[in-house]
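# Report on the structure
In case you want the letters, here they are:
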Amino acid sequence: MNTKNIASVIAPPAHHFVGDGFRVHNFIPGTYPLSMQRMSPFIMLDYNSKHYFSPTDTPRGVGVHPHRGFETVTIAYRGKVAHHDSTGNHGVIGEGDVQWMTAASGILHKEYHEKEFAKAGGDFQMVQLWVNLPAIAKMTPPKYQPITNEEMGRHELPDNGGFIEVISGQYLNIKGPAETFTSVNLQNAKLNKGGKAKFSFPARYNTALLVIEGEIIVNGNNRVPLNHFGLFENEGEEFIIEALENSVVLILSGDPIREPIAAHGPFVMNSREELIQAFEDYNVGKFGYLED
Amino acid sequence: MPTFDQHLQEKTGISPENAAILTEGLRTGLIKKGEFLSRQGDVCDYTFFVETGLLRAYTLDEQGKEHIIQFAPEGWLISDRSSAYFNEPSDFFIEAIEDSEVVFLDPAFNDRASAISTNYRHFNNLALQNHIRHLQKRINLLLGATAEARYLDFIKTYPDLTLRVPQWMIASFLGITPEGLSRVRKELARKNFKPGRS
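Residues numbered from 1 in each chain as written. Chains lettered and ligands numbered in written order. Predicted model: local features only at pLDDT ≥ 70, side-chain atom pairs only at ≥ 80, totals over all residues.

Once that is clear, we can look at the overall build of chain B. Within chain B one finds eight helices and eight strands. In terms of overall dimensions, chain B has C-alpha extents of about 55 × 45 × 30 Å along its principal axes. Within the span of chain B, comprising 198 residues, buried residues form 32% of the whole. In chain B, of all internal contacts separated by at least 6 residues, the share reaching a separation of at least 24 is 66%. (Helix = DSSP H or I, 4+ residues; strand = E, 2+ residues; numbered from the N terminus. Buried ≥ 20, exposed ≤ 12 C-beta atoms within 10 Å, placed from the backbone. Contact = placed C-beta atoms within 7 Å.)

Okay, structure coming up:
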C-alpha cells in the first residue's frame, strides 16, 4: 500500500445564496480544479459553513425545483431541513442525519428550514452533494433514503480518538446504510484532539475531504484548516488524518463514472439531446406536480 | 461579443471578415438584474442583442399591472419598434431579469449589414417574416386559445425559461393568473406523470 497524498488544499470560495435558506460555498464544480470530470461521481458540492439564521415565522429555503440524472445527498450538521417531493415523500432531516434522494428519471422537491428551527433561529451547517448516476441508472424510478444518525455505521477509534460514521461505502469492516449505484464512500470522521484515523481507498477513486469543525493534519504534513477542502491525488491508497483540535471531517471517495457529462441547471445527463428531453419532460409535467 | 459574432456567421451567413467589420465599434453593456435599457415614454432607437442573460419587455396598464410582451434570452433580439424605427415614445419597459451582457444595435445596423452581404438581406427578411408570424400566432392564442394551449406554445418557444423566471412572469406573458398557470401545470402532470416508470 502506498500513501495517498494531498494534491491541493482549497479555501472556501465566496458564498452565495441558494434560495434564501442556504448560504453556500460552491466547491464542486465551480472552484478550480474541482470540475465534474475531475471529481466524478461527486459532481456538485455546496457547503453551508456554520451560519446563524435569525428567528422567523416564514421558514427560509428553496421552492419547488426539478432534478434528473443523479442523486442529491444532504448532510445536516447543524439545523434541520424539512422537505417534500413529487412522489409524495416528506420529512425532516434532523441534526446529524442524511437524506439520500435518487432523482434519477425525475423528481420535483422543495427544501425549507424546519418550522420550529426557523422560529427559534440558530446555527445552520449543511453539505449538499450531487452524486452522478451511470447512464444505465439515469432513467430509473426516483427513490428516497432517509438515514438517521443512529442508522449509520460506527467505528470507534482506539485511545479515545473519536469515531468514524459511515453513511455509505465501508470503513474497515463497518458498512454504511446507503444503497448506491456505484462505489461511493461518504464518511464523517469525528475526532477528539490528537485523534487519528487511517483511510484506504483504491488509487483511481476520486478522493477528498472537507473540514467541518476544527483543524487537521493529513499524512503528518498537510494542514487543512476549518472549512477548507483537501483534494487527494489519484495515486496511492492510504492516508492518515490527525485532529489538531476536536474536529469533524467529511471524507468522500468514489469510483469515477467515465461517461460523457451534459449538465444544465438541475439536469445532469450524458448528451445534449437528453438535456433537451429533460426540459421538455419537466415542462409537460412528467416529473409530477408539487405545490409551492 | 462571441454570441453575436456566432449569430452573424452561423445564422445570417456573413463571412468572418464581414462580421469583424460589422461588429467593429458596436457598443456593448453589462446590465445588472433589475436595471432598465429603456423605459415607457423614452425614445430608444437601439435594438438589443442578448449575449448572455435574460431581458423582458413589459408594459404597465392603467391599474399599474404589468403585462409581459416578450422575453429575450441569450441569442435573442429585443426592441420597441415604435421607438427604434418610428422615433416615437416607447410603450414598453425593457428590463434585465438576470445580469445580462447586451450588444446595442443602432437603427442603421441592418442597412450596413444588408449592404455588405446578400445573405444577411435574405436572413433579415426571413427573420422579419418569422417575427410577424410569431406575433400573429400570439394574438390568436391570446384571443381564443385555452390557457393550456398558450402554455404549450410558450414552452416550445422558451424551453428553459420555466426554470429561470418566476411563475407570475410566465402567467403575465400568457395573460392568465398565477393560479391559472398552476392549474395548467397540475393538469398536465395529471395527464403525463407516470409514477414508478423506468
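Once that is clear, we can look at the overall build of chain A. Helix and strand counts for chain A stand at three helices and 26 strands. Computed over the C-alpha atoms, the radius of gyration of chain A is 18 Å, within 12% of the 19 Å expected from 2.2 N^0.38 for a compact globule of 292 residues. Along the longest, intermediate and shortest principal axes, the C-alpha atoms of chain A span 55 × 45 × 35 Å. Taking all 292 residues of chain A together, 47% fall into the buried category. Pairs at least 24 residues apart make up 72% of the contacts formed inside chain A by residues separated by at least 6 positions. (Rg over C-alpha atoms; globule rule 2.2 N^0.38 Å.)

Okay, the nonpolar core next. Formed by 76 residues in total, the largest nonpolar core has its most connected members in Val249 and Leu250 of chain A. The contact partners of Leu250 of chain A, leaving out residues within four places of it in the chain, are Ile75, Val127, Asn188, Leu209, Leu210 and Ile212 of chain A. Counting 42 residues, the second largest nonpolar core, distinct from the first, contains Leu22, Tyr46, Ile94 and Phe154 of chain B. (Core = buried A, V, L, I, M, F, W, Y, C linked by C-beta atoms within 7 Å.)

All right, on to helix 8 (residues 178–192) of chain B then. Residue and element names in this part refer to chain B. End to end, helix 8 covers 21 Å across 15 residues, agreeing with the expected 21 Å (1.5 Å per residue, within 8%). Burial in helix 8 covers these residues: Leu181, Val184 and Arg185. Buried residues of helix 8, viewed axially, fall in a sector of 90°; they line one side. Along helix 8, the residues that are exposed and aim more than 90 degrees away from the buried face are Glu179 and Arg190. Where the residues of helix 8 are buried, they touch helix 6 (147–157) and helix 7 (167–174). (Expected span 1.5 Å × (residues − 1). Arc of directions from axis to C-beta.)

Quick look at the packing of helix 2 (residues 16–23) of chain B against helix 4 (residues 109–116) of chain B now. Axes are the key here: two packed helices are described by the angle between their axes and the distance separating the axes. Residues and elements named next belong to chain B. At a minimum axis separation of 11 Å, helix 2 and helix 4 run at an interaxial angle of 155°. By the angle between their axes, helix 2 is roughly antiparallel relative to helix 4. Between helix 2 and helix 4 the crossing geometry is right-handed. Taken together, the residues of helix 4 that come into contact with helix 2 (itself represented by Asn18, Ile21 and Leu22) are Arg112, Ala113 and Ile116. Grouping the amino acids of the contact of helix 2 with helix 4 by side-chain chemistry returns four nonpolar, one polar and one charged. (Axes fitted to C-alpha atoms, helices over the stretch in contact; angles between N-to-C directions. Parallel < 35°, antiparallel > 145°, perpendicular 65-115°, else oblique. Left-handed = near helix turned anticlockwise from the far one by under 90°. Nonpolar A, V, L, I, M, F, W, Y, C, P; charged D, E, K, R; others polar.)

All names here are of chain A. Burial within strand 24 (residues 247–254) is extensive, with eight of its eight residues counted as buried. Here strand 17 (residues 184–191) pairs with strand 24 via eight bridges, running antiparallel. Pairing of Leu191 across the sheet is with Ser247, part of strand 24. The pairing of strand 19 (residues 206–213) with strand 24 spans seven bridges and is antiparallel. Counterpart to Val211 in the pairing with strand 24 is Val249. (Pairing = 2+ DSSP bridges.)

A few words on the sheet that holds strand 22 (residues 229–232) of chain A. All names here are of chain A. Strand order in the open sheet formed by seven strands is 1-22-19-24-17-14-13, with antiparallel pairing between adjacent strands. Across the chains shown, the open sheet's two edge strands, defined by having one partner strand only, are strand 1 (6–10) and strand 13 (153–157). Mean inter-strand twist for the sheet, computed between neighbouring axes without regard to direction, equals 20°.

The next point concerns the sheet that holds strand 3 (residues 47–52) of chain B. Each strand in a sheet pairs with its neighbour through backbone hydrogen bonds, running either in the same direction (parallel) or in the opposite one (antiparallel). One open sheet holds the four strands; their spatial order is 1-8-3-6 (chain B), and the pairing between them is antiparallel. In this open sheet, the two edge strands, each paired with only one partner strand, are strand 1 (27–31) and strand 6 (77–78) of chain B.

To continue, consider the environment of Val165 of chain B. All names here are of chain B. Among the secondary structure elements, Val165 is positioned in the loop between helix 6 and helix 7. A count of 20 C-beta atoms within 10 Å places Val165 in the buried class. With 152 residues separating them in the primary sequence, Val165 and Gly13 have C-alpha atoms 32 Å apart. In contact with Val165, other than residues within four places in its own chain, are Ile97 and Ile170.

With that settled, the discussion passes to the environment of Pro55 of chain A. Residue and element names in this part refer to chain A. With respect to the secondary-structure elements, Pro55 resides in the loop between strand 4 (42–53) and strand 5 (61–67). Residue class for Pro55 comes out exposed when judged on the 10 C-beta atoms lying within 10 Å of it. When the C-alpha positions of Pro55 and Ala118 are compared, they lie 5.6 Å apart, and in sequence the two are 63 residues distant.

This part is about the pairing of strand 7 (residues 81–85) of chain A. Sheet faces and side chains relate simply in a regular strand, where the side chains alternate between the two faces. Residue and element names in this part refer to chain A. Residue alternation in strand 7 divides its side chains into a buried set, Val81, His83 and Asp85, and an unburied set, Ala82 and His84. By the bridge criterion, four bridges tie strand 7 to strand 8 (residues 90–93) in an arrangement that is antiparallel. Following the sheet pairing, His83 is matched in strand 8 by Gly91. Where strand 7 hands over to strand 8, the hairpin turn is made up of four residues, of which Gly88 adopts a positive phi near 100°. Note that strand 7 and strand 10 (residues 107–113) share five bridges and pair antiparallel. Bridging from a neighbouring strand, His84 pairs with Lys110 of strand 10.

Taken by themselves, the reported measurements are silent on function.
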